[in-house]
Amino acid sequence: MNEENIKLSENIIIADADYIDKVAFDLIVNFERMIGRRIPPADLSQWVVNIALDGGLRENRKAHETQVVLIHSKKNSQFENFSPSNYEKDINAKAFKDEKLGEFIVNSYEVDEAIGSKDQYILDLINTTCSHEEVKRIMLIPNVEEGDLYDHIIHALRNVDEDKHVTVFAMQPMMGGNFKQEILGFSLMNAMGIKADEIK
C-alpha cells in the first residue's frame, strides 16, 4: 500500500463489517422478543449517516465527502442483517448522497485470514488514515469484544494530531484512549426503525 498515492476524504468511517453484522443480529433477536414485532435488517445508508452524526459531522453548509471502509472476512460475501447486503454486487464502489451531510463513498474489502488478520488490516488502515493531512475526522467500529485489538488501537492513536477528531464505537464504554467514544447500539437501533417509545 503506497500511502503517497492514496486520495482520502476529510471524513473516514472504518468498520469491521462482520462485527457490526453480529451486533445487528443480537439486537434484532433481543428486540423482537422485547417489543413483540419483527425487526427488519438495518438500513446500511441510514446507519452510516447515524455513525457520521455520532462522530461529530455536521451540516454547516459545506459539501462534505465521507469514505466508508467495510472490512470483512473472505468467508462472508454479504451481510446477514443489513440491507443492502451483498458486498460485491450491492455495496462495493457505490456512493449515496445525504441532503445534509453530503456524499458517502462506500467500499468493502475482504481479508483472507489465512494470509493476514482482519485486526491487523484495520490497524494498518488506522495508521494510514492518521498519517494523511487531509483526514480530519475518523470514526472506527472495530471488534473490541475479543482479543487485544483495543489495546493496539489505544497505542496507535496515542499521539494522533489534535486536529483529527477520532471516535471509537463500542457496545459499552471502554477504559482509556486518546479519542472520543460512542455507543454503537444507538446508531443500529435507529437504522432498524426501533423507536425509543417502543422500549419499555
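Look above for the structure.
Quick notes on the rules
Within every chain, residues take consecutive numbers counted from 1 along the sequence as written. It should be noted that, the model being predicted, local features are given only for residues of pLDDT at least 70 and side-chain atom pairs only at 80 or more, the latter also being counted only at that level, while totals for whole chains, interfaces and linings use all residues. For side-chain calculations, the full set of non-hydrogen atoms in the structure is used, while hydrogens and water are omitted. To sort residues, take the accessible area from a 1.4 Å probe on protein chains only and compare it with the maximum for the residue type: under 20% means buried, over 50% means exposed, and anything in between is partly exposed. Per the convention used, a helix needs a DSSP run of H or I reaching at least four residues, while a strand needs a run of E reaching at least two, with both numbered from the N terminus. A pair is scored as a salt bridge if a Lys or Arg side-chain nitrogen falls within 4 Å of a carboxyl oxygen belonging to Asp or Glu. Between 30 and 60 degrees the pair is tilted, below 30 it is stacked and above 60 it is edge-to-face, where a pair is any two Phe, Tyr or Trp rings, Trp via its six-membered ring, whose centres lie within 6.5 Å. What is meant by a nonpolar core is a set of buried Ala, Val, Leu, Ile, Met, Phe, Trp, Tyr and Cys residues, joined one to another through side-chain atoms within 4.5 Å. What makes two residues a contact is simply this: any of their non-hydrogen atoms within 4.5 Å. Note: two strands are recorded as paired if DSSP finds a minimum of 2 bridges between them. Fitting a line to C-alpha atoms yields each axis, with helices limited to the stretch in contact; the angle taken between N-to-C directions then spans 0 to 180 degrees.

Draft legend 1. Examining helix α6 (residues 184-191) more closely. Burial analysis of α6 places 6 of its 8 residues in the buried class, the great majority of the element. Those residues of α6 that fall on the buried side of the exposure criterion are Leu184, Gly185, Ser187, Leu188, Met189 and Ala191. A positive backbone phi angle near 75° is found at glycine 193, which sits one or two residues after α6.

Draft legend 2. Summary view of unusual backbone geometry. Of note, the bond from serine 83 into proline 84 is cis; its omega dihedral lies within 30 degrees of zero at -5°. The topology assignment puts proline 84 in the loop between β4 (82-83) and α3 (87-91). Although it is not a glycine, asparagine 60 adopts a positive phi angle of roughly 30°. In this fold, asparagine 60 is placed in the loop between α2 (44-54) and β3 (65-73). Phi at alanine 93 is positive, roughly 60°, even though this residue is not glycine. Inspection of the secondary structure puts alanine 93 in the loop between α3 and β5 (94-98). Taking the relative accessible area as the measure of exposure, alanine 93 reaches 59% and is therefore exposed.

Draft legend 3. Layout of the pattern of salt bridges. Under the criterion given, the structure shown has 8 salt bridges. Across the salt bridge formed by lysine 22 and aspartate 26, the nearest N and O atoms sit 3.3 Å from each other. Of this pair, lysine 22 and aspartate 26 both sit in helix α1 (residues 17-35), 4 residues apart, roughly one helical turn. Here glutamate 182 ties to lysine 180 by a salt bridge, and the two come within 3.2 Å at their closest N and O atoms. Three or more residues are tied together by salt bridges with common partners; here these are Asp16, Asp18 and Lys118.

Draft legend 4. Just the packing of aromatic side chains, in detail. Under the criterion given, the structure shown has 6 aromatic pairs. Between phenylalanine 79 and tyrosine 87, the ring centres sit 5.0 Å apart and the planes meet at 55°, which makes this aromatic pair tilted. In terms of burial, phenylalanine 79 and tyrosine 87 fall into one category: buried. Members of the aromatic cluster, joined through ring pairs, are Trp47, Phe79, Phe82 and Tyr87.

Draft legend 5. Quick peek at the nonpolar core. Within the largest apolar cluster, 38 residues are counted, with the highest numbers of intra-cluster contacts made by Trp47, Ile141 and Leu184. Every element with two or more residues in this core is listed here: β1 (11-16), α1, α2, β3, α3, β6 (102-111), β7 (137-141) and α6. With 9 residues, α1 is the largest single contributor of residues to this core. Other than its neighbours up to four places away in sequence, isoleucine 141 contacts Ile13, Ile14, Ala15, Asp16, Tyr19, Ile20, Trp47, Ile51, Phe169 and Leu184. Leu123, Leu140, Val144 and Val166 belong to the second-largest nonpolar core, a separate cluster that totals 24 residues.

Draft legend 6. Quick look at the sheet that holds strand β9 (residues 180-183). Spatially, the 7 strands line up as an open sheet ordered β5-β6-β3-β1-β7-β8-β9, and their pairing is mixed. In this open sheet, the two strands that pair with only one neighbour each are β5 and β9. The mean inter-strand angle of the sheet, taken between neighbouring strand axes irrespective of direction, is 20°. Both β7 and strand β8 (residues 165-170) contribute to a ladder of 4 bridges, which runs parallel.

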